[in-house]
Amino acid sequence: MLRLTIAFLVIALVAALFGFGGIAEGAVDIAKVLFYIFVVLFVLSLIFGGFRRRR
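Quick look at the structure, then. Along every chain, residues carry numbers that run from 1 in the direction the sequence is written. Under the rules for a predicted model, residues below a pLDDT of 70 receive no local features and side-chain atom pairs below 80 are neither given nor counted, while totals for whole chains, interfaces and linings still include all residues. To obtain the side-chain values, all non-hydrogen atoms of the structure were included, while hydrogens and water were left out.

**Describing the overall build of the protein chain**
1) Next: The helix and strand labels rest on DSSP assignments: H or I over at least four residues marks a helix, E over at least two residues marks a strand, and numbering proceeds from the N terminus. Helix and strand counts for the protein chain come out as two helices and zero strands.
2) Next: Three exposure classes are used, based on accessible area relative to the maximum for each residue type with a 1.4 Å probe and protein chains only: buried under 20%, partly exposed in between, and exposed over 50%. Here the protein chain, with 55 residues, has 13% of them falling under the buried criterion.
3) Next: Accessibility throughout is a Shrake-Rupley quantity obtained with a 1.4 Å probe, and a residue counts as covered only by protein chains that appear here. Carbon and sulfur atoms make up 74% of the accessible area of the protein chain, which amounts to about 4,700 Å² in all.

**Quick look at the packing of aromatic side chains**
1) Next: Think of it this way: a Phe, Tyr or Trp ring, Trp meaning its six-membered ring, pairs with another when their centres are within 6.5 Å, and the plane angle makes it stacked under 30 degrees, edge-to-face over 60, tilted otherwise. This model, assessed by the stated rule, comprises two aromatic pairs.
2) Next: Here the aromatic rings of Phe-38 and Phe-42 are separated by 6.5 Å at their centres, their planes lie at 15°, and the arrangement is stacked. Of this pair, Phe-38 and Phe-42 both sit in helix H2 (residues 21–54), four residues apart, which is roughly one turn of the helix.
3) Next: Under the relative-accessibility criterion, Phe-38 is labelled partly exposed at 29%.

**A few points about the environment of Val-28**
1) Next: Structurally, Val-28 is set in helix H2.
2) Next: By relative accessible area, Val-28 is classed as partly exposed at 31%.
3) Next: As for Val-28 and Leu-9, which are separated by 19 residues in sequence, their C-alpha atoms are 6.2 Å apart.

**Details of the environment of Asp-29**
1) Next: When you line up the elements, Asp-29 lands in helix H2.
2) Next: Sequence separation between Asp-29 and Ala-12 is 17 residues; the distance between their C-alpha atoms is 9.2 Å.

Here is the structure:
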């Protein structure tokens, strides 16, 4: 999932470089959503991984 976030970020940067505003905005929005999903899943895995190791 992190690869998708990075891919959409690169697409947004390239599109912004060439002046495609609509495409860049859409790619940035998708990258943001994927990034936040990745962060939530990462935090959840840290929390549940900590509970498993304590037992």
